[in-house]
Amino acid sequence: MRVWHFRRGSLRAELVSNALLGVALPAVLAGGVVLLLFGYHLDVLDESLDRSRQALTREIARSELAVRASDTARQIDAFLTSRILEAKVWASSPIVIDAARSAARKHQAEGLTNAAIGNVERRFRTQKSLGLWPRADSHLRQQVAESPYFAEIFFTDRNGFNVAMTSQTSDFVQSDESWWKSAWAHGASLGEVEYDESAGVWSVAISIRIDSPGGDTPLGVMKTVLAIEAVQNIADRAAREVSVGRVVVATGQGALIAETASGHDPQRIMNGDIDLREQGEPSTRDSFDGDRSGYAVGRSWLTGYARIGGHEVDARTIGGFSGLDWIVIVQKPLTAIHEPIAALRGIEDALHDWPLILAVAFGATIFLCAGMAVVLSAASARRLASALAAVGEMADCAARGAPASPPVIEDPEEIVRVSDAVRRLSGLRDPFPLPGDAR
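About the cut-offs
- Residues numbered from 1 in each chain as written.
- Predicted model: local features only at pLDDT ≥ 70, side-chain atom pairs only at ≥ 80, totals over all residues.
- Heavy atoms only, no water.
- Helix = DSSP H or I, 4+ residues; strand = E, 2+ residues; numbered from the N terminus.
- Buried < 20%, exposed > 50% of the residue type's maximum accessible area, 1.4 Å probe, protein only.
- Areas by Shrake-Rupley, 256 points an atom, 1.4 Å probe, with all protein chains shown as cover.
- Phe/Tyr/Trp six-rings, centres within 6.5 Å; stacked < 30°, edge-to-face > 60°.
- Lys NZ or Arg CZ within 6 Å of the ring centre and 35° of its normal.
- Pairing = 2+ DSSP bridges.
- Axes fitted to C-alpha atoms, helices over the stretch in contact; angles between N-to-C directions.
- Contact = heavy atoms within 4.5 Å.
- Expected span 1.5 Å × (residues − 1).
- Core = buried A, V, L, I, M, F, W, Y, C linked by side-chain atoms within 4.5 Å.
- Lys, Arg positive; Asp, Glu negative; His and termini not counted.
- Salt bridge = Lys/Arg side-chain N within 4 Å of Asp/Glu carboxyl O.
- Polar contact = N/O pair within 3.5 Å; in protein donor to acceptor, adjacent residues only side chain to side chain.
- Arc of directions from axis to C-beta.
- Parallel < 35°, antiparallel > 145°, perpendicular 65-115°, else oblique.
- Left-handed = near helix turned anticlockwise from the far one by under 90°.

Points about the overall build of the chain
Part 1 of the argument: Along the chain, the regular secondary structure elements total 13 helices and 10 strands.
Part 2 of the argument: Looking at the chain residue by residue over its 439 residues, the buried ones come to 40%.
Part 3 of the argument: Accessible surface computed for the chain: about 23500 Å², of which carbon and sulfur atoms make up 54%.

A word on the packing of aromatic side chains
Two descriptors summarise a pair of aromatic rings, namely the distance from one centre to the other and the angle between the planes of the rings.
Part 1 of the argument: Inspection of the entire model under this criterion finds seven aromatic pairs.
Part 2 of the argument: Geometrically, the ring pair formed by Phe-154 and Trp-179 is edge-to-face, given 5.8 Å between the ring centres and 85° between the ring planes. Residue Phe-154 is found in strand S1 (residues 150-156), and its partner Trp-179 is found in helix H5 (residues 178-186); the two are separated by 25 residues along the sequence.
Part 3 of the argument: Judged by relative accessible area, Trp-179 falls into the buried class, the value being 11%.
Part 4 of the argument: Seen in terms of ring centroids, Trp-180 and Trp-184 are 5.0 Å apart; in terms of plane orientation they differ by 10°. Their pairing is stacked. Taken together, the residues span about one helical turn, with Trp-180 and Trp-184 both in helix H5 at a distance of four residues.
Part 5 of the argument: Within the aromatic cluster, the residues linked to one another by ring pairs are Phe-124, Phe-161 and Phe-172.
Part 6 of the argument: Sitting above the plane of the Trp-301 ring, Arg-246 keeps its charged end 3.7 Å from the centroid.

What to know about the sheet that holds strand S7 (residues 256-259)
Part 1 of the argument: What the five strands build is an open sheet, ordered S7-S6-S10-S9-S8; its pairing is antiparallel. Lying at the two open borders of the sheet, with one neighbouring strand each, are S7 and strand S8 (293-297). Direction aside, the axes of adjacent strands within the sheet are offset by 20° on average.
Part 2 of the argument: Where helix H6 (residues 229-240) meets the sheet, its contacts fall on strand S6 (246-251), S7 and strand S10 (326-333), and the angle it forms with S6 comes to roughly 150°.

Observations regarding H6
Residue pairs spaced three or four apart in an α-helix point in one direction, given the helix's 3.6 residues per turn.
Part 1 of the argument: Here H6 spans 17 Å end to end across 12 residues, near enough to the 16 Å set by a 1.5 Å rise per residue.
Part 2 of the argument: Those residues of H6 lying buried are Ala-230, Val-231, Gln-232, Ile-234, Ala-235, Ala-238 and Ala-239.

A word on the nonpolar core
Part 1 of the argument: Ranked by internal contacts, the top residues of the largest apolar core, which has 64 residues, are Ile-76, Phe-155, Met-222, Val-249, Trp-326 and Val-328.
Part 2 of the argument: Residue contributions to this core peak at 10 residues, all from helix H1 (residues 11-91).
Part 3 of the argument: Met-222 has contacts with Ala-87, Trp-90, Ala-91, Val-96, Leu-140, Ile-153, Phe-154, Phe-155, Ile-206, Ser-207, Ile-208 and Ile-210, leaving out every residue within four places of it along the chain.

As for the environment of Ile-153
Part 1 of the argument: In this structure, Ile-153 sits in strand S1.
Part 2 of the argument: Sequence-wise, Ile-153 and Ala-164 are 11 residues apart; in three dimensions their C-alpha atoms are separated by 8.5 Å.
Part 3 of the argument: Those residues in contact with Ile-153 that lie beyond four places of it in its chain are Trp-90, Leu-140, Gln-143, Val-144, Met-165, Thr-166, Met-222, Lys-223 and Thr-224.

Some points on the side chain of Lys-128
Part 1 of the argument: Tracing the sequence through the fold places Lys-128 in the loop between helix H3 (117-123) and helix H4 (134-146).
Part 2 of the argument: Buried within the structure, Lys-128 lacks any salt-bridge partner; its nearest side chain of opposite charge belongs to Glu-121, at an N-O separation of 4.6 Å.
Part 3 of the argument: Engagement of the side chain of Lys-128 in a polar contact is seen with the backbone oxygen of Ser-170, the distance being 3.3 Å.
Part 4 of the argument: In this view, Lys-128 contacts Asn-162, Met-165, Gln-168, Thr-169, Ser-170, Asp-171 and Phe-172; residues no more than four positions away in its chain are not counted.

A word on helix H2 (residues 94-109)
Part 1 of the argument: Helix length check: H2, at 16 residues, gives a terminal C-alpha distance of 23 Å against a target of 22 Å (1.5 Å per residue), a fit within 8%.
Part 2 of the argument: Along H2, the residues classified as buried are Val-96, Ile-97, Ala-99, Ala-100, Ala-103, Ala-104 and His-107. Looking straight down H2, one finds its buried side chains confined to an arc of 165°; they lie on one side. Exposed side of H2, more than 90 degrees from the buried face: Pro-94, Arg-105 and Ala-109 are the residues found there.

Brief notes about the sheet that holds strand S2 (residues 162-165)
Part 1 of the argument: Pairing is antiparallel in the open sheet, where five strands are placed in the order S2-S1-S5-S4-S3. Two strands bound the open sheet, and with one partner strand each, they are S2 and strand S3 (188-196). Here the average twist between neighbouring strands, direction ignored, is 20°.
Part 2 of the argument: In this structure, strand S4 (residues 201-211) lies alongside strand S5 (residues 218-227), joined through nine bridges in antiparallel fashion. Within S5, the residue paired with Ser-203 across the bridge is Ala-227.
Part 3 of the argument: Lying on the sheet, H4 is in contact with S1, S2 and S5; it crosses S1 at an angle near 155°.
Part 4 of the argument: Packing of H5 onto the sheet brings it into contact with S1, S3, S4 and S5, and relative to S5 it is tilted by some 125°.

What about the packing of H2 against H4?
What describes two packed helices is the angle between their axes and the distance between those same axes.
Part 1 of the argument: One can describe the packing of H2 onto H4 by two numbers: an axis separation of 9 Å at closest approach and a directional angle of 140°. Comparing the axis directions of H2 and H4 gives the class oblique. Viewed along their axes, H2 and H4 form a crossing whose handedness is left-handed. Contact with H2, carried on its side by Ile-95, Val-96 and Ala-99, involves Arg-135, Ala-136 and His-139 of H4 and no other residues of that element.

Encoded structure:
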């Protein structure tokens, strides 16, 4: 096995270095430029996908979730407004008005208006009304039977004493209750969502003042117990229209009224330990501090929201309406929102492996080219060096006057010409012909 030695400045070293510069350097430069351009375009693709994701998020939030939340809020507004108007119709019935007016006179005649509330309650410990207005009782039971929404109705006279009812109430005197005072002062009031023990449902109380036909004399207050199941059904319909989404209806203080994700779990509805303002996902918490409607982006969920009780509640129609402070929250996971570009993200992730692959490929190519250049240039240098050494030996012999045998040099032509010149100088005659010359 022959070992090649490369001395600095030698023909072999020059040929090898030139070959490396002529082959390896262009390959290195070309590979570097390709890798640089590839990396640049990957960065551009990254930025483009990020912009697409953000644009898609905003568009879905604006055109789907926020719109769905506003539409759901309008449906709940319309539902509650219709129920309030329905309760006002009941409160203006001649049967109710006559019973409230005559009950006030009867209660005064019984001496109840001047008695302490405690004494009055003790008298009506079992029976919660005088039971003197059966037509009014029957009228209320008929309304409840015909309505798919109301669980209970009862009303009082101007003193706050029970007159007629569909089921027994817990107290006889109602004038010390906040709902009674609010309805008496404003004409109408919507209470907080609470569990009504007498009706056995989660409900919200709609209280309407009973006025004389001319509207100049308050005669009493009617309280209707509206089951919130209808509100939960509206939330369920909205959730079905949002793919893999969920809908929450909550009070302004963060208590749950409806929650589609849990199937409106009774253990969670109006649970004092659950406060969405403090415990909710970031975009949920942002909803409570936002405008009347809009959207918010969290770490995992995109949220559209809208408040209930806006301009759709016509105060001129239903009177002084107070107590409503609810919010509708419609949410969708970000993973589902970004699913349309997930395939592109997978392609991009795969492309991120290619700079390394290309670098390895370029390195292997450069190494192979450099190796071949070294081998070929060293082989050429060996042939040239042998030819030059033969010519040098012949010239040295000629200079000493010693006989010199002409070397056999097949190629290259330049060295043959040098050998021929040396032969002429030494007086020799054509020791080796060029290819094609006549002998």
